[in-house]
Amino acid sequence: MDHHLLHELEHLLGHDGVLSRPEDLLLYEYDGSVEIARPQCVVFPAKTADVVRIVELSNRYKTPIVGRGAGTGLSGGALAREGGIVVSFARMNRILEIDIENHRAVVQPGVVNADLSLAVAHAGLHFAPDPSSQRACTIGGNVSENAGGPHTLAYGVTTNHVLGLEMVMPTGELVRIGGKAADAPGYDLCGLFVGSEGTLALVTEVTVRLTRLPEAVKTLLAVYDRVDDATETVVEITARGITPAACEMLDGWTLRAVEAWVHAGFPLDSAAVLLIEVDGLREAAEEHAAQIAEVCRLHGAREVRVACDEKERDLLWKGRKNAFGAVGRLSPTYYVQDGVIPRTKLPETLREIDRIGKENGFEIGNIFHAGDGNLHPIILFDARDSKQFQRAVSTAEEIIRFCIKMGGAITGEHGVGMEKDRLMPFLFSEADIALMKRVRDEFNPAGLLNPGKIFPTGKGCGEVRVRSQRNGAETDSTHEESSPA
Amino acid sequence: MSSAARIAASRAGEIVGPANVIDGADELAGYEVDGLGPGAAVRPGTAEEVSELVKYAAAEKLAVIPVGARTKLDMGMPPARYDLAIDMTRMDRVISYDPGDLTLSVEPGIPLTKLAATLAEHKQFLPLAVPFFEHATVGGTLASGVDSPLRHAYGTAREFVLGLEFVSGDGALTKSGGRVVKNVSGYDLHKLMLGGIGSLGVVTRVNFKTFPRPTPARGFFAAFETMEKALELRQRIMSSKLSPLTLDLGSPGTAELFSSATAAKIVPEAVTADLPARGKWTISAGFWGSTDVSARYERDLRQMAADCGAARVDVIGEDEIPGQLGRKREFVAIVSALSPGAVVMKLSVRASQLRGAQTEARNIVAGAPIDYATLTNGAGVIYFAMLPRRAGDAAQACRQAAGQIMKAITALGGYATIVRCPLELKREISVWGVPREDFPLMQRVKRAFDPCNIFAPGRFVGGF
């Protein structure tokens, strides 16, 4: 990196606002995915004006620039694929305003997702998007990736809860879009920028909607001896028009991995469990829970357990939300996929994933948002064996191709990033991609903001590198932080 | 017909077949937008035909306006140019429907009523209770961005349109989003098209998430002597654990409109509970659920209304829901039918500003020969209708008031636009309200989608 640029950055942010030593940069070369890419420096702006200046410098020195929240992403969105400056929003982590009467909050991008919900809980409110990494991931990252989570089945994903953004454009302009009131006139720019994976602007402030906490919550655990029975239960719950707040599935392999670590009470001899939550008015939650229990039993659940208190409920969710950490104990490396399919295709797709795994010699675990057809097959492999890694990547690709064949999509909540750029042409035509590129080029004309993401680069998957034994070195707490939604 | 128009009609005829070209003056009059008629109108039958038409228009720099049932063509500013209307009503099929997955894919020309009937067979529906419901198409509804009282429970179309296929300004058949309920693959370009009044492309396919029909539903009315008391009830419901389907606040003028004969012609179902509300501010809500759940709603709503000093409370049954929802849905249509010179504004503010916004707007029209009626939905969007008492100076007063209201609402941090007004008003004021700082970003969106500027030039925000 140009040492003049480094000098100017240090001048702007102070010595403790810039990292450039190799041993420091090592910590910023990865996220929650299997990708790595090392930046030349990491900067820590403290305010919006700093971000404007950093963008100006990146333009002057023609150096790529990438925003980063907590680095929990699962598609390489916050990695400096082409080197350059990583802008960490760790210091822009203040909740600027909580407006209880209007159910709104204004936050800086580095605010941790769960912290916002904690800050408004006293008023009976919460921020609804709840990625499993919510105790670490930031709202800025949620906005970039349009993050989901278990409860987005009923409450919607991040884009449904963002009303306004302040952004620094790649050209250095500071712009506000949307605001606290509904329906800003003109194009739905928030709809475009949320989920644009950090390729169109750096977000410096977010106005979000807060959602009331429900009066009652019922959490059910349905236990199955056959995977097909569990998936067919989900199909029927959907078809009956019951929308649970969450409907998660763990297959036998995954629940055993989880149980060994979390002791959530999942029965070790079962083939699958469904973790289903209903909420709302007391009367409605009771009824929906009863209806769901009935459907579970009709489809062969050997047991339907209802969490009797908050403690038991938390334990079940702890099992779900820490599942990826648990898997990390079993294998040096794993690859989490993120396909989506129509809910009616669940049974057939899970059978196919099982077949694809066996054919390629992998054990594939499944833990996923069954209620919205968002699959997370986990492929265990050993990254020290490069052939095995290549096979893991091609196996994942085969699964995604099957999802597309079923009428699905390549990513439900993790993003395209640098992980799936090459899969975009399976889903989108040249014309589709060309228009998306024209939009990107209008906002990011020099291509310096987060280059090498979303759009096919023509680079093969051989480019994708993997850090080895990373999970082996993790502590328990980081297991949680790197877990996906 | 000019020679250019004749050539356009003839080339378009080669694409869609001569039977689907409309070039007679009488028929073309039906395609006028703010007094300007196209040289020709065509009715394509496939997405590929739309693509060919747009390619041709782009090559010849013809200005194109896509239309559906033509119920809301007076939205936006008058077009700067208008050569070709692309009438989508022939493309009215259900392409696929997976009731078990609650997903649906349709062509944009399908009427909302036909779609509702298809969904009703599976006890499902789409929460598009929009004005001109009996005639409107899916495509026109989405393009015009009109909202629905049901948004309180279901959100606007952006929450349940999963993806769109459309023809962009270079004639390319393009798509974004998909058919699954959760998806972050690529940019959400389709969101830009919702409410874009056809300024970015011509939609050829819409993928929806559908919902179970909320039946049996019931309705609730509470009438108040003052706006303040009614707003207090609204705020209490908003902060309670109840989640009604709709939650709207009507002014005394609106109660008057709703009980008029004109309203009855547009929405024939009788709503007895409306009548005693004349002269009062009303809160009306819909809710649904089992006997126990409904009983809970009724009990809590009655209690809250009593606490807020309601003058009268009514609960209505399933049979009167279409009347209650229909009147709220058709507010703009009822106002237009009753008062052709009316100016209907859309004022969006935070809940805490609802009182201030309504008070400002009322004060502005207070001294003028203007009656007013307002309907405020659950999202905090106020539809403020100014009804001139006579022709002439009242129209001038409406113009002045509209400008003042836009300034006042902007000062409150809200947005004010004009949904419907006489053409003359548009010559003096932009219906899109006070210019905003995000306009340059919108220009870039427009350029990416429509590089030759052929779609509805001049009609949208900022003169796109």
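Treat the numbers as computed from the prediction; the structure is a model and nothing was measured.

Conventions used here
- Residues numbered from 1 in each chain as written.
- Chains lettered and ligands numbered in written order.
- Predicted model: local features only at pLDDT ≥ 70, side-chain atom pairs only at ≥ 80, totals over all residues.
- Heavy atoms only, no water.
- Buried < 20%, exposed > 50% of the residue type's maximum accessible area, 1.4 Å probe, protein only.
- Helix = DSSP H or I, 4+ residues; strand = E, 2+ residues; numbered from the N terminus.
- Domains from an automatic or database assignment.
- Contact = heavy atoms within 4.5 Å.
- Buried area = accessible area lost by both parts, 1.4 Å probe.
- Polar contact = N/O pair within 3.5 Å; in protein donor to acceptor, adjacent residues only side chain to side chain.
- Salt bridge = Lys/Arg side-chain N within 4 Å of Asp/Glu carboxyl O.
- Nonpolar A, V, L, I, M, F, W, Y, C, P; charged D, E, K, R; others polar.
- 1 Å grid on protein atoms, 1.4 Å probe; cavity = no way out; pocket = protein on both sides within 12 Å on 5 of 7 lines; lining within 4 Å.
- Points joined across faces, edges and corners; volume = space filled by probe spheres on them.
- Phe/Tyr/Trp six-rings, centres within 6.5 Å; stacked < 30°, edge-to-face > 60°.
- Disulfide = S-S within 2.5 Å.

Visitor: Got a minute to help me understand helix α9 (residues 252–262) of chain A in this structure?
Guide: Think of an α-helix as turning once every 3.6 residues; residues three or four places apart then point the same way. All names here are of chain A. Counting buried positions along α9 yields nine of eleven residues, so the element is predominantly enclosed. Residues of α9 that are buried: Gly 252, Trp 253, Thr 254, Leu 255, Ala 257, Val 258, Glu 259, Trp 261 and Val 262. Phi turns positive one or two residues past the end of α9, at His 263, with a value near 55°.

Visitor: Would you take a moment to explain the domain arrangement of chain A for this structure?
Guide: A common way to report how large an interface is uses the accessible area buried once the components associate. Residues and elements named next belong to chain A. As far as domains go, chain A holds domain 1 (3–88), domain 2 (95–212), domain 3 (216–327) and domain 4 (331–434). Computed from C-alpha coordinates alone, the two centres of domain 1 and domain 2 are separated by 22 Å. On the side of domain 2, 15 residues touch domain 1, which itself brings 14 residues to the contact. Summing the contributions of domain 1 and of domain 2, the shared interface buries around 1,000 Å²; its carbon and sulfur component is 66%. At the junction of domain 1 with domain 2, the criterion picks out two residue pairs in polar contact (both at pLDDT 80 or more). Of all elements in the fold, only α3 (48–60) and β3 (65–68) reach the threshold of two or more residues within the side of domain 1 that touches domain 2. Per-element accounting of the side of domain 1 that touches domain 2 gives the leading share, five residues, to α3.

Visitor: Quick question: what am I supposed to make of the interface of chain B and chain A here?
Guide: Listed as interface residues are 75 residues of chain B and, on the opposing side, 87 residues of chain A. With both sides pooled, the region where chain B packs onto chain A buries about 6,300 Å², and carbon together with sulfur makes up 56% of that total. Area buried by chain B at its contact with chain A is led by Lys 182, Val 184 and Tyr 187 of chain B, which between them contribute 15% of it. Counting across the interface, chain B meets chain A through twelve salt bridges. Residue Asp 188 of chain A pairs with Arg 158 of chain B through a salt bridge whose shortest N-O separation is 2.8 Å. Summed over the shared surface of chain B and chain A, the number is 33 residue pairs in polar contact (both at pLDDT 80 or more). When contributions to the side of chain B that touches chain A are tallied by element, the ones reaching two or more residues are β8 (161–168), β9 (173–177), α7 (189–193), α8 (227–239), α11 (291–307), β16 (343–348), β19 (415–420) and α17 (439–449) of chain B. A total of eight residues in the side of chain B that touches chain A trace back to one element, the largest contributor, which is α17 of chain B. A class-by-class count of the residues in the side of chain B that touches chain A yields 31 nonpolar, 20 polar and 24 charged.

Visitor: How should I be thinking about the pattern of salt bridges in this particular structure?
Guide: Any two side chains of opposite charge can pair if their charged atoms end up close together. All names here are of chain A. Scanning all chains against the criterion turns up 68 salt bridges over all chains. Residues Glu 23 and Arg 21 are paired through a salt bridge, measuring 3.6 Å at the closest nitrogen-oxygen approach. On the accessibility criterion, Glu 23 (47% relative accessible area) is partly exposed. Salt-bridge contacts for Arg 355 lead to Glu 352; the nearest nitrogen and oxygen are separated by 2.9 Å.

Visitor: Mind showing me how you'd approach unusual backbone geometry here?
Guide: Residues other than glycine predominantly adopt negative phi, and peptide bonds predominantly adopt the trans conformation. Residue and element names in this part refer to chain B. Cis rather than trans, the peptide bond between Thr 215 and Pro 216 has omega equal to -5°. With respect to the element layout, Pro 216 can be found in the loop between β11 (211–212) and β12 (217–224). Of note in this structure, Lys 61 is not a glycine but carries a positive phi near 55°. When you line up the elements, Lys 61 lands in the loop between α3 (47–60) and β3 (64–67). Judged by its relative accessible area of 49%, Lys 61 is partly exposed.

Visitor: I'm lost on the layout of surface pockets in this one. Help?
Guide: Any empty space left between the atoms is revealed when a probe the size of a water molecule rolls over them. Residue and element names in this part refer to chain A. Considering only enclosed or pocket space, the second largest pocket measures out at about 930 Å³ in volume. The wall of the second largest pocket is formed by 29 residues, among which Asp 130, Gln 134, His 151, Arg 313 and Lys 321 lie closest to the centre. Every element with two or more residues in the lining of the second largest pocket is listed here: α4 (113–120), β7 (125–126), β14 (272–280) and α11 (310–321). Here the lining of the second largest pocket is composed, by residue class, of twelve nonpolar, seven polar and ten charged. Of the residues that make up the lining of the second largest pocket, three or more belong to each of domain 2 (95–212) and domain 3 (216–327).

Visitor: Looking at this structure, how should I read the side chain of His 126 of chain A?
Guide: Looking at the secondary structure, you find His 126 of chain A in strand β7. For His 126 of chain A, the residues in contact, after removing those within four places along its chain, are Ser 117, Val 120, Leu 210, Thr 211, Arg 212 and Leu 213 of chain A.

Visitor: I'm lost on the packing of aromatic side chains in this one. Help?
Guide: Two descriptors summarise a pair of aromatic rings, namely the distance from one centre to the other and the angle between the planes of the rings. One pass over the full model with this rule turns up 15 aromatic pairs over all chains. Arranged with centres 5.7 Å apart and planes meeting at 80°, the rings of Phe 455 of chain A and Tyr 187 of chain B form a pair that is edge-to-face. With Phe 455 of chain A in the loop between α16 (430–443) and α17 (476–481) and Tyr 187 of chain B in the loop between β9 and α7, this residue pair bridges two chains. Taken individually, Phe 455 of chain A and Tyr 187 of chain B each receive the classification buried, so the pair is uniform in this respect.

Visitor: Which parts of the structure should I look at to understand the state of the cysteines?
Guide: Every disulfide links exactly two cysteines, by a covalent bond between their sulfur atoms. This structure, assessed with the given rule, holds zero disulfides over all chains. No disulfide involves Cys 308 of chain A; its sulfur sits 18 Å from the nearest other cysteine sulfur, which is in Cys 296 of chain A. Among the residues examined, Cys 308 of chain A registers a relative accessible area of 63% and is labelled exposed. Of all cysteine sulfurs in the structure, the one in Cys 398 of chain B sits closest to Cys 421 of chain B, which takes part in no disulfide; the separation is 9.8 Å.

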